[in-house]
Amino acid sequence: MNKWENVDIDFLGEEEVIPDTSVGTIKVLVVDDDDEIHRVTNMVLKGFTFEKKTVELLHAYTGQEALEMLEKHQNIQVVFLDVVMETNTSGLDIIKKIRKELDLKLLRIVLRTGQPGEAPEESVIHDYDINDYHLKTELTARRLKTTLIAALRNYRDLMIIEGHRKGLEKIIEASGRLFQHNQLGSFLESILEEMSNFQVDNPDIMYIRQKTGDGFLTINNENKNQIVAATGKFSRFIGHDIEDVEELRDINFSIETRLPNEEHIKSLDKGILVQSIGKSKMANYIYIEGNEEGYDYNLIRLFMNNFSIALDNFILNNLLNTTQKEILIALAETVESHFQETGSHIRRIANMMYKFSYHMNFSYSECEMLKLASTMHDLGKIAIPDAILKKPGRLTKEEFEIMKTHPNYGYKILNKSGLEILKTAANIALYHHEKFDGSGYPTGLQGKDIPVAARMMAICDVFDAMTHKRVYKDAMSNEEAVSYLNANKGSHFDGNLVDIFLNHLTDITDDLEAI
């Protein structure tokens, strides 16, 4: 097998070669306009190693060359920088550009000068972001090596801190996205992708990067561990119980034998297995391919603590929301069945309102709210006498006036609640028979004074009523309903909303007949 098969190459210079990743190299930039300084530095640091990594010296003779080197080699760790080159302040000017323009905050800068009068030590250390300052005459071979060792240790420690900071940022970012997902699978998939990034960075080999390992996540469902989210080659197993997947037999064995309670992380042949158990006592496992040495276990433990809490909250909130939805839909379907309509009308309207609001660029939570609130639009019909409500023929003028009171009754029932979803439902119930030109009922509102949810509901309700059979009429075709909506733009309906509805009609009405 080609050893570089799974490696991305970001860039390689013309004279650069791929280093041995088991050892690695450290790049140090020497900036000085004196050839002798470069020669001596090369001689002193020849064969120099730090933590089993060899030091590669890069050379620049002007400030401009130095900046070009730093832009090309973004993994330089230490710069030995002369003060006086093209000008008496060349080195100091470069420092400002390194820190502010190139934004290299972690790069260690050792300032060297042969003319201390041009850059007094105290003022330079005070005014410039450098890490060490020496006269060139002070830097004996031994002093040069100890100075470099100190700078490299400092850089290493800062990189460790930076790595943890980035890891914590990932945790915070992931936590902030927890409730942006409308399905448990997509929520867990995002968690899986985030955790696969908690690898130990090697700052010395910036242009060689291993591809992120594939993985999957299981949740215990009726005493079986079901794969509910996955990336890469494991994606085809989503929805399967892990015990039924022959390729994952060894991983399933590790799950069944359980992990030590105090550890929750186990190294397997080709990856790591992480167990999480929250207050809900629902055990779940994450498996990520890769070398165990490539992952930061401390970050993973911290992440899994947050993940367990988040998963508990996600499941409980979804359970609560699902319960609320089922109660409201059941109530709405009871009302529908009372006046000899099937509950399918309610579910069709709900699905149309959801997709309609989606195509109007509403947020996920707004789409969900309108979907659920729309099911209550005819709740007030429970106050209408059965003789009128169930009459198979056309209503008389007097009967129709009574029928026109149902929006008021629905509003009175729903508006008593302080819940936002029921307040939205109350407005839809009250205004869904209003017309854009003001000729509707019960209040005669017109134009955009009518709440947008009620204007949307008017379109969905009429379209569904026209295309489905009722006790008093036969169903019309979609084409006839479309023609009616177009003909009544600006009078019955908001013309802009009709255009959006019809432009996405195929998607909005997709699969409605299956309901």
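Small disclaimer: the values here were computed from a predicted structure and weren't measured.

Colleague: What am I meant to see in the overall build of the protein chain here?
Modeller: Within the protein chain one finds 18 helices and 13 strands. In the protein chain, which comprises 515 residues, the share counted as buried stands at 44%. In the protein chain, once contacts between residues fewer than 6 apart in sequence are set aside, the share between residues at least 24 apart is 61%. Carbon and sulfur atoms make up 50% of the accessible area of the protein chain, which totals about 27200 Å².

Colleague: Would you explain the packing of aromatic side chains in this entry?
Modeller: Aromatic ring pairs are reported here in terms of the distance separating the ring centres and the angle at which the planes meet. Counting across every chain of the model gives seven aromatic pairs. Taken together, a centroid distance of 5.2 Å and an interplanar angle of 70 degrees make the contact between F216 and F234 edge-to-face. Of the two residues, F216 sits in strand β9 (residues 215–221) while F234 sits in the loop between β10 (224–231) and α7 (249–257), which places them 18 residues apart along the sequence. The same class applies to F216 as to F234, namely buried. Plain terms: the ring middles of F356 and F501 are 5.3 Å apart, the flat faces sit at 65 degrees to each other, and that makes the pair edge-to-face. Taken together, the residues F356 in helix α9 (residues 344–359) and F501 in helix α17 (residues 495–503) connect sequence positions 145 residues apart. The same class applies to F356 and to F501, which are both buried. Feature note: the residues F216, F234 and Y287 constitute an aromatic cluster, connected by ring pairs. Sitting over the face of the ring of Y354, K371 holds its NZ or CZ atom 5.6 Å from the ring centroid.

Colleague: Looking at this model, I keep getting lost on α7. Mind explaining?
Modeller: Because the α-helix completes a turn every 3.6 residues, residues three or four places apart line up on one side. Restricting attention to buried positions, one finds in α7 the residues I251, N252, S254 and I255. The buried residues of α7 occupy an angular sector of 155 degrees when the element is viewed end-on, so they sit on one face. Facing away from the buried side of α7 by over 90 degrees, the exposed positions are R249, D250, F253 and E256.

Colleague: Would you mind showing me how to read unusual backbone geometry here?
Modeller: The bulk of non-glycine residues show a negative phi, and the bulk of peptide bonds are trans. Residue P442 is reached from Y441 by a cis peptide bond, and omega for that bond is 10 degrees. Locating P442 in the fold gives a position in the loop between α14 (420–431) and α15 (452–466). Backbone geometry at D103 places phi at a positive 55 degrees, although glycine is not the residue there. With respect to the helices and strands, the residue D103 is situated in the loop between α3 (90–101) and β6 (108–113). Despite not being glycine, N361 shows a phi value in the positive range, around 65 degrees. Relative to the helices and strands, N361 is located in the loop between α9 and α10 (364–373). Look at N361 and you get exposed, because its relative accessible area is 71%.

Colleague: What should I look at first to understand the sheet that holds β6 in this one?
Modeller: Through backbone hydrogen bonds, the strands of a sheet pair up, either in parallel or in antiparallel fashion. On the basis of which strands lie adjacent, the open sheet formed by six strands has the order β3-β4-β2-β5-β6-β7 and mixed pairing. Strands at the two margins of the open sheet, each flanked by one partner only, are β3 (49–50) and β7 (132–135). Where β3 and strand β4 (residues 53–60) come together, two bridges link them in antiparallel fashion. The residue bridging T49 from the neighbouring strand is T54, located in β4. Sitting on the sheet, helix α1 (residues 35–45) touches β2 (25–31), β4 and β6, and the angle it makes with β4 is about 175 degrees.

Colleague: Sorry if this is basic, but what is going on with α9 here?
Modeller: Relative to the 22 Å expected for 16 residues at 1.5 Å per residue, α9 spans 23 Å between its end C-alpha atoms, a close match to the ideal helical length. Every buried residue of α9 is listed here: H345, I346, R348, I349, A350, M352, M353, F356, S357 and H359. Backbone geometry just downstream of α9 places N361 in the positive-phi region, at approximately 65 degrees.

Colleague: How do you make sense of the side chain of R108 when you look at a structure like this?
Modeller: Turning to its location among the elements, R108 is positioned in strand β6. Polar side-chain contacts of R108 include one of 3.2 Å to the backbone oxygen of K105. With near-sequence residues (within four places) excluded, R108 lies in contact with Q77, V78, V79, R99, N131, A151, N154, Y155 and L158.

Colleague: Would you take a moment to explain the pattern of salt bridges for this structure?
Modeller: In this structure the tally under the stated criterion is 17 salt bridges. Across the salt bridge formed by D464 and R348, the nearest N and O atoms sit 2.6 Å from each other. Of this pair, D464 sits in helix α15 while R348 sits in helix α9, and the two are 116 residues apart along the sequence. Using a relative accessible area of 1% as the deciding quantity, one classes D464 as buried. Among the residues examined, R348 registers a relative accessible area of 8% and is labelled buried. When salt bridges with common partners are traced through the structure, they connect D32, D82 and K136 into a single cluster.

Colleague: Explain the packing of α15 against α17 to me, please; I cannot follow it from the model alone.
Modeller: What describes two packed helices is the angle between their axes and the distance between those same axes. Remark: α15 packs on α17, axes separated minimally by 10 Å, with the N-to-C direction vectors making an angle of 50 degrees. Our classification of the angle between α15 and α17 gives oblique. For α15 against α17, the interelement crossing comes out right-handed. Across the interface between the two elements, V452, R455, M456, I459, C460 and F463 from α15 touch L497, V498 and F501 from α17.

Colleague: What exactly am I supposed to notice about a negative patch on the surface here?
Modeller: On the surface, a cluster of negative charge is made up of D33, D34, D35, E65, E68, E71, E86 and E101. When residues in the negative patch are grouped by element, the largest group, three residues, is from helix α2 (residues 63–72). Residue position: E101 is located in helix α3. Since its relative accessible area comes to 61%, E101 is described here as exposed.

Colleague: Any chance you could explain the pairing of strand β5 (residues 76–82) here in plain terms?
Modeller: The buried fraction of β5 amounts to seven of the seven residues, a majority that puts the element mostly inside the structure. Note: β5 against β6, five bridges, orientation parallel. Each bridged residue has a counterpart across the sheet, and for V79 the counterpart in β6 is I109. The parallel pair β5 and β6 is bridged by α3, and the resulting crossover is right-handed.

About the thresholds
- Residues numbered from 1 in each chain as written.
- Predicted model: local features only at pLDDT ≥ 70, side-chain atom pairs only at ≥ 80, totals over all residues.
- Heavy atoms only, no water.
- Helix = DSSP H or I, 4+ residues; strand = E, 2+ residues; numbered from the N terminus.
- Buried < 20%, exposed > 50% of the residue type's maximum accessible area, 1.4 Å probe, protein only.
- Contact = heavy atoms within 4.5 Å.
- Areas by Shrake-Rupley, 256 points an atom, 1.4 Å probe, with all protein chains shown as cover.
- Phe/Tyr/Trp six-rings, centres within 6.5 Å; stacked < 30°, edge-to-face > 60°.
- Lys NZ or Arg CZ within 6 Å of the ring centre and 35° of its normal.
- Arc of directions from axis to C-beta.
- Pairing = 2+ DSSP bridges.
- Axes fitted to C-alpha atoms, helices over the stretch in contact; angles between N-to-C directions.
- Expected span 1.5 Å × (residues − 1).
- Polar contact = N/O pair within 3.5 Å; in protein donor to acceptor, adjacent residues only side chain to side chain.
- Salt bridge = Lys/Arg side-chain N within 4 Å of Asp/Glu carboxyl O.
- Parallel < 35°, antiparallel > 145°, perpendicular 65-115°, else oblique.
- Left-handed = near helix turned anticlockwise from the far one by under 90°.
- Patch = residues over 30% accessible without salt bridge, like charges linked within 9 Å, V, L, I, M, F, W, Y side chains within 5 Å.
- Lys, Arg positive; Asp, Glu negative; His and termini not counted.
- Charge placed at Lys NZ, Arg CZ, Asp CG, Glu CD.
- Right-handed = clockwise from strand over helix to strand, strands pointing away.

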